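# Structure assessment
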Amino acid sequence: MAKKSLPLPTLVLWAIALFVSAIFCWILGDIVWHGVGHISWEFLTTEPRNAGREGGIAPILISTCLILGVCMAVSLPLGVGTAVLLAEFTATESVFGRLVRRSLDVLAGVPSIVFGLFGNAFFSIQLGLGFSILSGGLTLACMVLPILIRSTEAGFRSVPADYRLGAAALGLSRTTTLGKLLLPVATPGLVVGLVLGIGRAIAETAALIFTSGYVDRMPESLLDSGRSLSIHIFDLSMNVAGGDANAYASALVLLILLLLVNGIATWTAQFWLGRRITSS
């Protein structure tokens, strides 16, 4: 018997998937090809010299990690708390719930430059934080929150209602039900939002130019200005003649950092979930 040919829609979907994968592999291969030869211990541990053409990225790497740390420290508790409020304490069809969800959906699509102008006006000027790592991290937290809240809320809403009814029948409090039962089941949604949020935050450029600043020296506190890796790559590739080599190397470091942070976040969530299941 002759094999049946795949239907046309399936072939089109496979072609699109292969095309997108090929573009991704081409971009990744180009960055690795041009950047791997310039990465060394000296590159990771020394300060940039000659406008970034020479030297390394140590202060820039530290600034990036600090900005991301501030972003996650602020967005995680606020995001999970708001998701719990929307999923567990707010009716789906209530006016308040619909307004908040619609607002989050709109904010998720707002261009990053708008967040940058808002962060500059509010955090840098109104609150007096100036161009600082703290201003940049808080601005990125505002960008990450809509994605994190909606993904975590979807995770909570995916938990079957029988879990809540069973907990109520056993006389468990709402706090115990959330911490011991619902949150572990909703962890995959939280991880998805966290990974997407980290990916957007760590590669952000426009918002950080107006908030964290452009200085490439080693920061001494969260109130110091700090240049992120994405801004460094932009500056080397657009404004510095002869900076392409270090721009490629910095881009490769940024990709590796993104993979490491996402891997750590996923592993931590799985480890925590395994501990909770084992101890229950």
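Described in the following lines is the structure provided in the data block. (Residues numbered from 1 in each chain as written. Predicted model: local features only at pLDDT ≥ 70, side-chain atom pairs only at ≥ 80, totals over all residues. Heavy atoms only, no water.)

## A word on the overall build of the protein
Applicable threshold: Helix and strand definitions follow DSSP, with helices as H or I runs of at least four residues and strands as E runs of at least two, each counted in order from the N terminus. Type-normalised accessible area, obtained with a 1.4 Å probe on protein chains alone, sets the label of each residue: buried when under 20%, exposed when over 50%, and partly exposed for intermediate values.
Helix and strand counts for the protein come out as eleven helices and two strands. Listed by position from the N terminus, the elements making up the protein come as α-α-β-β-α-α-α-α-α-α-α-α-α. Its C-alpha atoms put the protein at 70 × 70 × 40 Å along the principal axes. Relative to its full complement of 280 residues, the protein shows a buried share of 39%.

## Structural notes on the environment of L28
Among the secondary structure elements, L28 is positioned in helix α1 (residues 8–35). Sequence separation of L28 and L255 is 227 residues, and the distance between their C-alpha atoms is 9.1 Å.

## Regarding the pattern of salt bridges
Inclusion rule: One speaks of a salt bridge when a side-chain nitrogen belonging to Lys or Arg is within 4 Å of a carboxyl oxygen belonging to Asp or Glu.
What the rule picks out here adds up to six salt bridges. The salt bridge partner of E153 is R101, with a shortest N-O separation of 2.6 Å. Of this pair, E153 sits in helix α6 (residues 133–157) while R101 sits in helix α4 (residues 95–108), placing them 52 residues apart in sequence. Accessibility assignment for this pair places E153 and R101 in one class, buried. In this structure, R157 engages E153 in a salt bridge whose closest nitrogen and oxygen atoms are separated by 3.1 Å. Here R157 pairs with E153, and both are found in helix α6, just four residues apart, close to one helical turn. The class for E153 is buried, based on a relative accessible area of 2%. Through salt bridges that share partners, R101, D105, R150, E153 and R157 make up one connected network.

## A short note on the nonpolar core
Applicable threshold: In plain words, nonpolar cores are sets of buried Ala, Val, Leu, Ile, Met, Phe, Trp, Tyr and Cys residues tied together by side-chain atoms within 4.5 Å. Only heavy atoms matter for contacts: two residues are in contact if any of them lie within 4.5 Å across the pair.
Core analysis: the largest hydrophobic core is formed by 43 residues, its most contacted members being C71, M72, L140, F156 and L229. Listed by contribution, the elements that provide at least two residues to this core are α3 (58–88), α6, α8 (174–202), α9 (206–209), α10 (229–238) and α11 (244–279). Broken down by element, this core gets its largest block of residues, ten residues, from α3. If we ignore the near neighbours within four places in the chain, the residues touching L140 are I67, C71, A201, E204 and L208.

## Let's talk about α4
Basically, it comes down to this: Every helix has an expected span of 1.5 Å times one less than the residues it contains. The arc in question is the one spanned by the directions pointing from the helix axis to the C-beta atoms.
The end-to-end C-alpha separation of α4 is 20 Å, in line with the 20 Å expected for 14 residues at 1.5 Å each. Turning to α4, its buried residues are G97, R101 and L104. Seen along its axis, α4 keeps its buried residues to an arc of 60°; they face one direction. For α4, exposure combined with an orientation more than 90 degrees from the buried face picks out V95, L99, R102 and V106.

## Digging into the packing of α4 against α6
Two numbers describe a pair of packed helices, the interaxial angle and the distance between the axes. So the rule is basically this: Axes, fitted as lines to C-alpha atoms, cover a helix only where it is in contact. Angles between the N-to-C directions of the axes lie from 0 to 180 degrees. Throughout, the term roughly parallel applies to angles under 35 degrees, roughly antiparallel to angles over 145, roughly perpendicular to angles from 65 to 115, and oblique to all others. Crossing handedness is read from the near helix: turned anticlockwise from the far helix by less than a right angle, it gives a left-handed crossing, and turned clockwise, a right-handed one. Three residue categories are used. Nonpolar comprises Ala, Val, Leu, Ile, Met, Phe, Trp, Tyr, Cys and Pro, charged comprises Asp, Glu, Lys and Arg, and polar comprises the others, including Gly.
α6 packs onto α4 with a crossing angle of 135° between their chain directions and a minimal axis gap of 8 Å. Between α4 and α6, the crossing angle belongs to the class labelled oblique. As for how α4 packs across α6, the hand of that crossing is left-handed. For the pair α4 and α6, contact is made by R101, L104, D105, L107 and A108 and by P146, I149, R150, E153 and R157, respectively. Per-class residue counts for the contact of α4 with α6 are five nonpolar, no polar and five charged.

## Observations regarding the layout of surface pockets
Short version of the rule: A cavity here means a set of 1 Å grid points, computed over protein atoms only, where a 1.4 Å probe fits but cannot escape. A pocket is an open set with protein on both sides within 12 Å along at least 5 of 7 lines, and lining residues have an atom within 4 Å of a point. Grid points are joined across faces, edges and corners, and a volume is the space filled by probe spheres set on the points.
Counted as a void, the second largest pocket has a volume near 180 Å³. Together, F24, I27, L28, I31, L252, L255, I256, L258 and L259 line the second largest pocket. Looking at the lining of the second largest pocket, the elements with two or more residues in it are α1 and α11. No other element matches α11, which puts five residues into the lining of the second largest pocket. Considered class by class, the residues forming the lining of the second largest pocket number nine nonpolar, no polar and no charged.

## With respect to empty space enclosed by the protein
Under the defined criterion, the tally for this structure stands at one cavity of 30 Å³ or more. The space that makes up the largest cavity amounts to roughly 60 Å³. Forming the boundary of the largest cavity are T64, I67, L68, L140, A201, I202, E204, L208, S228 and S230. Listing elements by their share of the lining of the largest cavity, those giving two or more residues are α3 and α8.

## So, the state of the cysteines
Just so we agree on the cut-off: Cysteine sulfur atoms are paired as a disulfide whenever they come within 2.5 Å of each other.
The tally for this structure, following the rule as stated, stands at zero disulfides. Distance from the sulfur of C142, which forms no disulfide, to the nearest cysteine sulfur (C71) is 9.0 Å.

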